[in-house]
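Overview (structure and organization)
What follows is each chain in one-letter form.
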Amino acid sequence: MTFLALEGLGKRFGSHVAVDGLTLGVEKGEFVSLLGPSGCGKTTTLQMIAGFVEPSAGAIRLEGRDLLAVKPAKRGLGIVFQSYALFPHMTVAENVAFGLEMQGVAADERRRRVGETLELVGLAAFSGRFPRQLSGGQQQRVALARALVIRPRILLLDEPLSNLDAKLREEMQIELRQIQRTLGTTTILVTHDQAEAMALSDRLVVMNQGRAEQVGPPHVVYERPATPFVASFLGRTNLVAGETVRPEKIVFAATGLAGKVRTRIFQGNHWLYQVETASGLLTVIRQNSGEAMPGEGEQVHLAWGKA
Ligand SMILES: Nc1ncnc2c1ncn2[C@@H]1O[C@H](COP(=O)(O)OP(=O)(O)OP(=O)(O)O)[C@@H](O)[C@H]1O
Ligand SMILES: [Mg+2]
């Protein structure tokens, strides 16, 4: 049986349709990301699962049982929202213990589980500190620990890393994935960051205007986008003779489509090219192997394999 099932889930705000008949099954232990542009209905979907927004249509089932009939506090969900601030007057340990206190867990057990969870997120040494004495990444980890300590049936994450700088964000993505794998917690992540969604997820749900345009493993969605929207949302694409071609699939070759390099940008591990051709301006990405690469203004030929 599907662990979590969203069935024709819909939400209207007045005449505005925020979520439009979303159907999705999530398996136990799976990491699924809702990915899409601003306003496409990601947060609204998550809030309906959490119980903070009431659906206008459809059903949500957890292990076959009607989740909408269960009060938000009783759903057993761990939630990390972007705006879900820590309690400033409580220490790290007190922040993490809060949910357990609400559940009436005894003090000894509480201490043990808080210790265990802080260990898990790498903050065991910080338990006596206050949130203001922590970096942004450490605060995010406290928020994660607070959500995990109750051993949630589902972990709901809404842009949990969006306040972090690029490097810390990448580190936290790796940690988050490791923690999720270790615990096997079913996780739904909301993000508009395609790289983050692809790095973390077992499956992506690419949303557009309240609907799921495509659901599938990241590499499948990336390699075989179902719609032009998905193709363009998941990074750069070239459209050549009605065919969608990823920039990294195009190579410089001795023969092929003739073109002239308009721009060449060095991006560390790869080169990003714009090449003028009879089929229009094409984007080409080549790994930086240390070899000499065509320069701006050079005549080149482009080739690509058929998918
Ligand atoms: N309480 C509300 N009242 C009216 N409209 C709302 C309400 N909450 C959300 N909306 C609208 O519903 C749509 C979906 O909003 P939602 O917050 O789910 O988007 P999102 O995909 O999470 O976007 P973002 O990436 O910007 O967070 C938006 O057009 C938004 O303006
Ligand atoms: Mg949102």
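1. Focus: the overall build of the chain
- Assigned secondary structure in the chain consists of eight helices and 16 strands.
- Seen along its three principal axes, the alpha-carbon backbone of the chain occupies a region of about 75 × 45 × 35 Å.
- With 307 residues in all, the chain has 46% of them scored as buried.
- Considering only contacts in the chain between residues 6 or more positions apart, those separated by 24 or more positions represent 63%.

2. A word on the sheet that holds strand S1 (residues 4-13)
- One open sheet accounts for four strands, arranged S2-S1-S4-S5; its pairing is antiparallel. Unpaired on one side and paired on the other, strand S2 (16-26) and strand S5 (65-66) mark the two borders of the sheet.
- Packing of helix H1 (residues 42-50) onto the sheet brings it into contact with S1, S2 and strand S4 (57-62), and relative to S1 it is tilted by some 115°.

3. A look at the packing of aromatic side chains
- Applying the stated rule across the entire model yields five aromatic pairs.
- Geometrically, the ring pair formed by Phe-252 and Tyr-273 is edge-to-face, given 4.8 Å between the ring centres and 75° between the ring planes. In this pair, Phe-252 is assigned in strand S13 (residues 250-266) and Tyr-273 in strand S14 (residues 270-277), connecting sequence segments 21 residues apart.
- Accessibility expressed as a relative area gives 0% for Tyr-273, which makes it buried.
- Lying over the aromatic face of Tyr-222, Arg-246 brings its terminal NZ or CZ to 3.9 Å of the ring centre.

4. What to know about helix H2 (residues 92-102)
- Those residues of H2 that sit buried are Val-92, Asn-95, Val-96, Ala-97, Gly-99 and Leu-100.
- On the buried face of H2, the contacting elements are helix H3 (107-120) and helix H4 (136-148).
- Just beyond H2, the residue with positive phi is Gly-104, at close to 75°.

5. Some points on the side chain of Glu-30
- Mapping Glu-30 onto the fold places it in the loop between S2 and strand S3 (31-35).
- Within the structure, the side chain of Glu-30 is placed 2.5 Å from the side chain of Arg-203, a separation counted as a polar contact.
- Ignoring sequence-local partners within four residues, the contact set of Glu-30 consists of Gly-25, Gln-180, Thr-185, Thr-186, Thr-187, Asp-202 and Arg-203.

6. Some words on unusual backbone geometry
- Its identity as a non-glycine residue notwithstanding, Arg-151 has a phi of 50°, on the positive side.
- Structurally, Arg-151 is set in the loop between H4 and strand S7 (154-158).
- Its identity as a non-glycine residue notwithstanding, Gln-209 has a phi of 50°, on the positive side.
- With respect to the element layout, Gln-209 can be found in the loop between strand S9 (203-208) and strand S10 (211-216).
- Judged by its relative accessible area of 57%, Gln-209 is exposed.

7. Concerning the pattern of salt bridges
- The tally for this structure, following the rule as stated, stands at 17 salt bridges.
- In this structure, the salt-bridge partner of Glu-116 is Arg-151, at a minimum N-O distance of 3.8 Å. On the criterion of sequence distance, the pair formed by Glu-116 in helix H3 and Arg-151 in the loop between H4 and S7 is long-range, its members being 35 residues apart.
- According to the relative accessible area criterion, Glu-116 is partly exposed, its value standing at 41%.
- Between Arg-169 and Asp-193 there is a salt bridge, with the nearest N and O atoms lying 3.3 Å from each other. You can see Arg-169 sitting in helix H5 (residues 166-183) and its partner Asp-193 sitting in the loop between strand S8 (186-191) and helix H6 (194-200), a full 24 residues away along the chain.
- Ionic contacts of the salt-bridge type, sharing partners, join the residues Glu-109, Arg-112, Arg-113, Glu-116 and Arg-151 into one network.

8. Digging into the sheet that holds S9
- Strand order in the open sheet formed by six strands is S6-S7-S8-S3-S9-S10, with mixed pairing between adjacent strands. The strands lining the two open edges of the sheet, one partner per strand, are strand S6 (77-81) and S10. Direction aside, neighbouring strands of the sheet carry axes that sit 15° apart on average.
- Of the strands in this sheet, S6 and S7 touch H4, which is tilted by about 165° from S6.

9. Some points on the pairing of S6
- Most of S6 is tucked away, with five of its five residues classed as buried.
- Of the two faces of S6, the one lined by Leu-77, Ile-79 and Phe-81 and the one lined by Gly-78 and Val-80 are each fully buried.
- Where S6 lies against S7, five bridges are found, and the strand directions are parallel. Within S7, the position partnered with Gly-78 by the bridge is Leu-155.

10. Observations regarding the site of ligand 1
- Near ligand 1 the following residues occur: Phe-13, His-16, Ala-18, Pro-37, Ser-38, Gly-39, Cys-40, Gly-41, Lys-42, Thr-43 and Thr-44.
- At 3.2 Å, a backbone N or O of Cys-40 approaches an oxygen atom of ligand 1.
- Notes on ligand 1: free accessible area 640 Å², of which the protein chains cover 58%.
- At the level of secondary structure, the elements contributing two or more residues to the shell around ligand 1 comprise S2 and H1.
- Examining the composition of the shell around ligand 1, we find that three residues originate from one element, H1, more than from any other.
- Of the residues contributing to the shell around ligand 1, the split by class is four nonpolar, six polar and one charged.

Cut-offs used in this document
- Residues numbered from 1 in each chain as written.
- Chains lettered and ligands numbered in written order.
- Predicted model: local features only at pLDDT ≥ 70, side-chain atom pairs only at ≥ 80, totals over all residues.
- Heavy atoms only, no water.
- Helix = DSSP H or I, 4+ residues; strand = E, 2+ residues; numbered from the N terminus.
- Buried < 20%, exposed > 50% of the residue type's maximum accessible area, 1.4 Å probe, protein only.
- Contact = heavy atoms within 4.5 Å.
- Pairing = 2+ DSSP bridges.
- Axes fitted to C-alpha atoms, helices over the stretch in contact; angles between N-to-C directions.
- Phe/Tyr/Trp six-rings, centres within 6.5 Å; stacked < 30°, edge-to-face > 60°.
- Lys NZ or Arg CZ within 6 Å of the ring centre and 35° of its normal.
- Polar contact = N/O pair within 3.5 Å; in protein donor to acceptor, adjacent residues only side chain to side chain.
- Salt bridge = Lys/Arg side-chain N within 4 Å of Asp/Glu carboxyl O.
- Near = heavy atom within 4 Å.
- Areas by Shrake-Rupley, 256 points an atom, 1.4 Å probe, with all protein chains shown as cover.
- Nonpolar A, V, L, I, M, F, W, Y, C, P; charged D, E, K, R; others polar.

The analysis is restricted to geometry; functional conclusions fall outside its scope.
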